[in-house]
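# Structural description and commentary
Listed below, chain by chain, are the residues.
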Amino acid sequence: MDTTLTPPLVFVNSDNVISGWSDGAQRLLGWSGDEVVGRPLSTIFDERGFFIGSTGPQDLDAEAVPSPDGGSVLALRGNGRQLLEEQLELTFANADVIGAWDWDIAADRVVADARFAKVFGIDPDSARQGLPLADFAAGVHPDDRARVTAEIKDAIDAGSAFNSEYRILRSDGSLSHVLARGRLVQGKGHRPTRFPGVLFDITARRLAESDAVTNRLRYRSLFETLPDGFCVIKMIWDADGAPVDYEFLEVNSAFVRHTGIADAVGKRMRRDVAAGHEQHWFDIYGRVARTGEPISFENPAEALQDRWYQVQAFPIDEARSDHVAVLFSDISDRRRTEVALKASEAEFRTLSQSMLNHVWTAKPDGELDWFNDRVLAFSGRSAQELAGSGWASIVHPDDLETVAASWSAALAAKKVYQTEFRIRRADGRYRWHLVRAVPVRGDGGEMRRWVGTNTDIDHAKKNEAALADLNATLEERIAERSEELLQSQKALQQSQKMETIGKLTGGVAHDFNNLLQVVAGNLQLLSRDVAGNERAASRVDNALAGVARGAKLASQLLAFGRRQALEPKVINVGRFVKGMDDLLRRSIGEGVDIEVIVAGGLWNTLADPTQVENALLNLAINARDAMDGAGKLTIEVGNAFLDDHYATMHADVSAGQYVILAVSDTGSGMSDDILEQVFEPFFSTKPEGKGTGLGLSMVYGFAKQSNGHVKIYSEEGHGTTVKLYLPREIAEEARETAVHVAGPAVGGTETILVVEDDDEVRTTVVETLADLGYRVLTARDAQSGLAVVESGAAIDVLFTDVVMPGTLKSPDMAKLAKARLPDLVVLFTSGYTENSIVHGGKLDHGVELLSKPYTREALDRRIRHLLANRRQVAQRGQGGQGGAVAAAAERMPLTLLLVEDDFLIRMNTADILREHGHEVIEAGTAAQAISAAQAGRIDLILTDLGLPDMQGGDLAVAVRAIRPEVGVVFATGETSMPPGACPGAVLLVKPYTERSLQQAIEKASVQKPGHRPS
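Everything quoted here is computed from the prediction, not taken from an experiment.

## Re the overall build of the chain
Counting its regular elements, the chain contains 33 helices and 43 strands. Counting every position in the chain, which comprises 1014 residues, the buried fraction comes to 43%. Across the chain, contacts joining residues at least 24 apart in sequence account for 58% of those joining residues at least 6 apart. Total accessible area on the chain is roughly 52400 Å²; 51% of this is exposed by carbon and sulfur atoms.

## Regarding the pattern of salt bridges
Inspection of every chain in the model, using the stated rule, returns 31 salt bridges. A salt bridge links Asp102 to Arg194; the shortest N-O distance between them is 2.6 Å. With Asp102 in strand E9 (residues 97-104) and Arg194 in strand E14 (residues 192-201), the pair connects residues that are 92 residues apart, well separated along the chain. Classification of Asp102 by relative accessible area gives buried; the value is 7%. By relative accessible area, which is 8% here, Arg194 ends up buried. Here Arg914 makes a salt bridge to Glu922, at a shortest N to O gap of 3.3 Å. Because the salt bridges share partners, they merge into one network encompassing Asp144, Arg147, Glu151 and Arg167.

## Thoughts on a nonpolar patch on the surface
The grouping of Phe903, Leu904 and Met907 at the surface amounts to a nonpolar patch, some 320 Å² of accessible area in total. Residue placement: Met907 occurs in helix H30 (residues 903-915).

## Remarks on the sheet that holds strand E20 (residues 358-362)
Taking strand neighbours across the sheet as the criterion, the 5 strands line up as E21-E20-E24-E23-E22 in an open arrangement whose pairing is antiparallel. Both outer strands of the open sheet, strand E21 (368-371) and strand E22 (417-424), are each paired with one neighbouring strand and no more. When strand polarity is set aside, the average angle formed by the axes of neighbouring strands in this sheet is 30°. Inspection of the sheet shows E20 paired to strand E24 (residues 447-456) by 5 bridges, in the antiparallel sense. What sits directly across from Val359, in E24, is Thr453.

Definitions and cut-offs
Residues numbered from 1 in each chain as written. Predicted model: local features only at pLDDT ≥ 70, side-chain atom pairs only at ≥ 80, totals over all residues. Heavy atoms only, no water. Helix = DSSP H or I, 4+ residues; strand = E, 2+ residues; numbered from the N terminus. Buried < 20%, exposed > 50% of the residue type's maximum accessible area, 1.4 Å probe, protein only. Contact = heavy atoms within 4.5 Å. Areas by Shrake-Rupley, 256 points an atom, 1.4 Å probe, with all protein chains shown as cover. Salt bridge = Lys/Arg side-chain N within 4 Å of Asp/Glu carboxyl O. Patch = residues over 30% accessible without salt bridge, like charges linked within 9 Å, V, L, I, M, F, W, Y side chains within 5 Å. Pairing = 2+ DSSP bridges. Axes fitted to C-alpha atoms, helices over the stretch in contact; angles between N-to-C directions.

Right, here's the structure in full:
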């Protein structure tokens, strides 16, 4: 503060720090303002009560008058002077201080400075000499004068400070608001002698307060009359500064109507009103409070009866006050209407897209604005090209004038429009259509749109035009048509028959492969049991050979039924056939002369090399048999183009470029009757015992599954030619060298989840894997398998059948399992495949499939190979929980309470546990188990879930209430823990093996309460 004062005045703020220093103070104490301003008052005032001047202590009197900012003004004077030596003629830079006075009470003489006098309209010279108090009181507003007089009297009577606000009528007629602060000075005998003080101008403050009141009243009026909801909220943040709630500070009358929240002020949204209020509300308001940027948006509020709100939010008060104002309205009805309208529109368009007819819509003025896909596909034009009046471009020129006139008339009358005209197809041809449009009106009868359809009547038109000619040649045409229908019917019947047989053989092969898997698996397990018994081992080997022959038979059935999983590669069939030369000659013998002809510039094809080899071998062997082992076999490989005419005559093939593999013989040939059945499974012209009749069936199925075609030309006595067409492939040939890995199974200790719906197959697989040392978990369908994965069990390999009952398919289950366990190895198995992992006849990329039936060694090699690949990719060492289980295996025998209501299961399980050295207490009911727990100490309870008198989960809780330290194993056919399972409980899935039983016991003993590592 830069203040120039004649009297010695010191200004002190509320912190007792010097904020102002007059010339009089500098003259009295010797310090300049620069030396003392900003320093504590104690700098110039010591503990003895002396003021410290530049030359030493001084004995001065000081009168303090409070100031509006919470500080005070000190007036200094020499101790021997009773009157002010200097009048308070002030020139204040601080506009709030407008004067000072000193009232001699006994003499009733008020001495004041010039500014003080001017405020009251008194001559400054007279004020310096002193005037009666009444002269100054005359300037006080009449309405305040009595109050001020009383307050002066009260201050004198009580000897207290004077602090009064009042109004002054200035000589120019203006009104000022002032604050007068003074202090009574008492003389000897405590008699009041003087009353000095300072006058402050607070007019601006009072006017601002008045304006604020007026504005607040205006704001409140607007606040309460708003039809929209309005509130002021305060954001609540967590320790990390994230918005987690907000408190309502103010709400208007419409707030309750729009939100349904009563008495909101002081409540928190999430804590007191709606705990489930969506987080995005808090995030949006928190961003407004933090950034100071307003926002407008629409959002749903499920926690508030699924209402929708249109919201404007903006910050208020000072920066970062956390206060946000929210103006909002409930737009739920509008949103529901919009949703209903969109749903109706979507339903209309979905229905329109599903129709075979052309469907279009137009605005009330006739401008077309939407077309279904039939219109676009037929015309070859885009919606933009046809919109508006662009539709006229596809109308036949001869029909356009009539069509336009009819459309204009319908628009004017707002009635149904119907006419016939020709519409141009994408290839430039015109077809006749019946075009009809109906007006759609709103609830008030207003036009909303036109909905039209185009129905192809070209055939009807042509039939009408050809009616006379048809009548003239009716008999001939009927005969031709009948023949065409007969041929079409025969082709359809043949196709349906082959499809039906294909499905039948595929299904039979699937079940047959499952049976073979059970037989093969048990034979392989049995082979270990009879090791050393040559006679028994020979019989097992013979049985396994029979399984292999059965597997080959099933493979041929799958090939015909197009259910085999192909692994196609880009191959050059010419190079491939030349590479099979030795194999072919060994297979058909020396009596047959083989000639191989490969055309130049041969195209590549995409096909499964193994199946191409099988197809060629089957064709060559059939040819050899047709020639009775002696004759000429010609194999030709070349390029071929099947045109539209050929494709029309053969409904099962598409026109295009193909690689043809033709096998011709000089055998006996076949009749037409035989040709009609030649591709059917088990049909054969060979004597009984000389063939299965599946060779050509396999070729047929392979061709169809490869998007190819097979054609037989034969004539009795002149031999047969079989042509296999495979689609051309542009890509380069993929030359790979197959590496065949053989050797005995080595097994492992990883955990494998087996998902198989066939109980016998599942049991065999589990025993095979367990015999190889693996830890095995099982599930009977995909949903149960996923539950095992989600239980948190550590799983290394998912081995699952492809074909599985239930709504969740195996590939979907595998995808979900991989998402949960990224390092999981997935291996599919199947007796035949379906479109879940095979598309376009090809095994999906990245899918691993082990076809049934498979050997014990093949299963183990595939698992070890996939696990090795996983380790190589992951580049990490093995880890696990084996240490804890291994340690548990070396612990002392346990006392086990076995609870199982099935006697045979209980007896078998008890024998296994006793063989491992455990003491077993058997119980068939929950009641018996509780009695046993009360009777003596037990270490672990192994209980079934479905007991006759109590659920196993509840029994475990009851036993732990008696024996808190008891470990728990649940043995069940289910694949998940019962609800509320005890902490540390272990799940043992039925049917369990001896190994899985012991592992569960070991794990439960480690995890039971109170367990101490030994």
